[in-house]
Amino acid sequence: MKKSFLVNFSVNHPKLVVLLTILVTLAFMTQFPKITTDTNPKHMLPANSEVRVWNDEVDSTFALYEDMIVLGIVNENGVLNKGTLGKIQRITDGILNIKGVAARDVNSFPTITNVTAEQGLLKVAPLMMKVPENDAETASLKKMLFENPLFIDRIISRDGKTTAVYVPLEKGANGKEVADKIREIVSSEKGDEKYYVAGDPVARDTFGAEMFKLMAIFAPIAGMVMLIVRYLMFRDLFLSITLMMDAMVSIIWSMGLLIAVGFPVHIMSSMAPVFLMAIATDSIHIFNEFYFRYRERKDKRAAIIETMSVVSRPVRYTALATAVGFGVLLFMNIIPVKVFGGLVAFGTVMLRVLSFSFIPAMFTFVNEKKIDMASKSEDIEFSGTSQFLKGLAGFGAHRPKATVFAGLIFFVIAVIGLTKIEVNNNLVEWFKKDSEVRIADSVMNQALGGTSLGYVVAVSNEDDYIKTPEAMRHIEGLQRHLEKLRVVGKTSSVADYVKRINLVLHNDDPKYNAVPDTKEAIGQYLFLFSMSAKPSDLDNVVDYPFRKANIWVQLKTWDAQAMRDVIKAVEEYKASHPVSMEFKPAGIAYFNLVWNDEVLYDMLKGFIIALVVVFIILAINFRSVKWAIVGYTPLLFTILLIYGVVGYIGKDFDMPISVLSCLSLGMAVDFAIHFISRFRQRLKEEGQGSRVKGQGFKDTVTTALLWTAARPGKGIMRNAVLFAASFAVMIFAPLTPYITVGAFIVSMMLLSAVMTIIYVPALITLLQGWLFCDKCEGRK
């Protein structure tokens, strides 16, 4: 029996090991005051990534703001009345004074530019100079609103019941903080109006704030659940606390290192503590075997040494498989994905170091009477759990063909489900349906053009080309084409301003609601408009060499697929209407599409690489490709079945699901490594005894399989239950990614454990002739 220097040192010097652990932990804790956070998904991509560079260029060219909050004001009796209009005025005035708001470009009834004409002269002024005092003034305002297509579906709904205040944010402003101040302002208003705060910065920064709050809550709760469940398993409070301490120490070391090297805590890395808390449950195999060994030896020190010797190899390789599952993310392109992968991989390695040092050291402090009491239930002949697991393994071992055939049927069903999966991300849907953020977004998308904003930038190589009737009409035609899409609520561009000016300067004659026939007329209209309008009105839609024009596209959903539909429609229109301009997508909706594709496909690529590397690890661990295939089968089956369900229930493959890929890979193979490693150990022992008893090799294999299910299998099931219990708390979170992760981890752990206990014995029994060909001559 091989002895580990680290284990022996820890058993011989337990106080020193515990003291060193505490000192290292305190050292890492000193870094926590330096913690910084970053909840902006844009930072998932490098600053020099093509989409960020292009979006920054577009923002600079057209004087655009990175973030925009939309305040919806709804009155079922109509917003065009003196009372509601007065509230709109007061609310707008209050918003203009909020720190972080770009006050000069806030758009609402009192501030948005209206284009009219008086006595043949162009008049550009705010829509509502003052709150109407009587019905006549209200009717005049209504007429101006509904006669101007620039306003409809933007600041007034077609039924007149909803208006919006568009609030651009200065760079660096926190969307949640501004949104909270807006809510404070509207809360002072009484009446029938309802108020809804929506927009990307609201969803993003609210999610970020809630995310860190949840991590602060759920990591300790997961630890407490782990403690309680561990205690119910073994009835030993001291060692139950030891397991929780093992997890907490690794979390502190990992997060401390993250902070020390200067990385901010991002959306993904904030989930690391719960992941590490769950991964720490693998140490349950050490506890499980320790109680069995102590019951047999009645010598605490000998039980510790023998336990660590027996479980050493599977524990090392399960840690390696899990670390690799996350470690491959270090080779991805997305920095926060790299950080997350490296963070969890480091934490996993530290957990294993603690498993061979801190845990054995803590074992030495336990009173042997308590160990003796706890170990009394660890008898595979009398333990109800062991007998149940032996029955499950017996089903697979005695009916291998039926078991494998049933698995193949489920495999085919799962593959069909996989074909139904769609890759998509929607930040707003990360909130529950009854959440304030999601309700606001839904109401605004139904009543107006949409809260998700994308751009289509027309680019030419010729100065003043945008002023030509050809360019203007092409832009207008593209807008009408895009507005046919179900996901597009409204578009606007420089062509809309030109048409509006042409119309009002011709006494609202409908035949002039069109692009003028000459470049000179268009140039003159734009010059007149620029002289009176807010600078941003024209800046937002055209550059001054007039080589580029910006089409605003309001989308009714934050689905990444929506912008993909827009891009496809642009390509179709260009193909059927050739013009000497290029059209490029931009804006937050386009960023979300690129972010969706790059991050999720990066995770998928890493997952595939990890699958290959894990197979290699299995082959090295078992010193056999054949046994690696057997160990790999429950891993693949579990993953395929879980993601097949994802396809059948219509759940998109989004970031939370992609994170599950890494965890499912590490933990599903964990159980197979423990089962097969311990089975082969037992088979070797049984084989030596079977020659004395005259037992046939097939019977020896079956006996070893049933023993493995009853004893190490109990550790596997305990690991699965403990792991699932740690993640189950996330099902009660208010954010859907946490609910998704919690529900799928619970399902995946229990399924993986059951698959290992039933399916691996079936495969080993069915493939005996192939797996044990070197023992063929000795088989009866």
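The shown structure was predicted, so the numbers you read here are calculated from the model rather than taken from an experiment.

Thresholds applied
- Residues numbered from 1 in each chain as written.
- Predicted model: local features only at pLDDT ≥ 70, side-chain atom pairs only at ≥ 80, totals over all residues.
- Heavy atoms only, no water.
- Core = buried A, V, L, I, M, F, W, Y, C linked by side-chain atoms within 4.5 Å.
- Buried < 20%, exposed > 50% of the residue type's maximum accessible area, 1.4 Å probe, protein only.
- Helix = DSSP H or I, 4+ residues; strand = E, 2+ residues; numbered from the N terminus.
- Contact = heavy atoms within 4.5 Å.
- Pairing = 2+ DSSP bridges.
- Axes fitted to C-alpha atoms, helices over the stretch in contact; angles between N-to-C directions.
- pLDDT = per-residue confidence, 0-100.
- Parallel < 35°, antiparallel > 145°, perpendicular 65-115°, else oblique.
- Nonpolar A, V, L, I, M, F, W, Y, C, P; charged D, E, K, R; others polar.

**A word on the nonpolar core**
Ranked by internal contacts, the top residues of the largest apolar core, which has 250 residues, are L71, I95, F109, I182, V494, Y738 and I764. Among the elements that line this core, the one with the most residues is helix α23 (residues 588-622), at 17 residues. Sequence-distant contacts of I182, defined by excluding residues within four places in its chain, comprise I69, L71, I95, I98, V167 and V197. By size, the runner-up hydrophobic cluster in this structure holds 11 residues, among which are V249, L354, F358 and M362.

**Observations regarding the sheet that holds strand β9 (residues 488-492)**
Spatial ordering of the open sheet is given by β9-β10-β8-β11, a layout of 4 strands whose pairing is antiparallel. Across the chains shown, the open sheet's two edge strands, defined by having one partner strand only, are β9 and β11 (582-586). The mean angle between the axes of side-by-side strands here comes to 25°, regardless of whether they run parallel or antiparallel. Pairing analysis gives 4 bridges linking β9 to strand β10 (residues 548-555), with the strands arranged antiparallel. If you follow T491 over to β10, its bridge partner there is V553. Of the strands in this sheet, β8 (452-459), β9, β10 and β11 are in contact with helix α22 (residues 560-576), which crosses β11 at around 175°.

**Examining the confidence of the model for the protein chain**
With 94% of its residues at a pLDDT of 70 or more, the protein chain shows a mean pLDDT of 86. Within the model, pLDDT remains below 50 along residues 690-694, and this stretch shows 3 contacts once partners closer than five positions in the same chain are excluded. Residue range residues 776-780 is modelled with pLDDT below 50. Its contacts to residues more than four positions away, or to other chains, number 10 contacts.

**Some thoughts on the packing of helix α1 (residues 5-12) against helix α2 (residues 14-29)**
Look at α1 against α2: their axes get within 5 Å of each other, and the N-to-C directions meet at 105°. Put simply, α1 runs roughly perpendicular to α2. Side by side, α1 and α2 meet where F9, S10, V11 and N12 of the first sit next to P14, L16 and V17 of the second. Class assignment for the residues of the contact of α1 with α2 results in 5 nonpolar, 2 polar and no charged.

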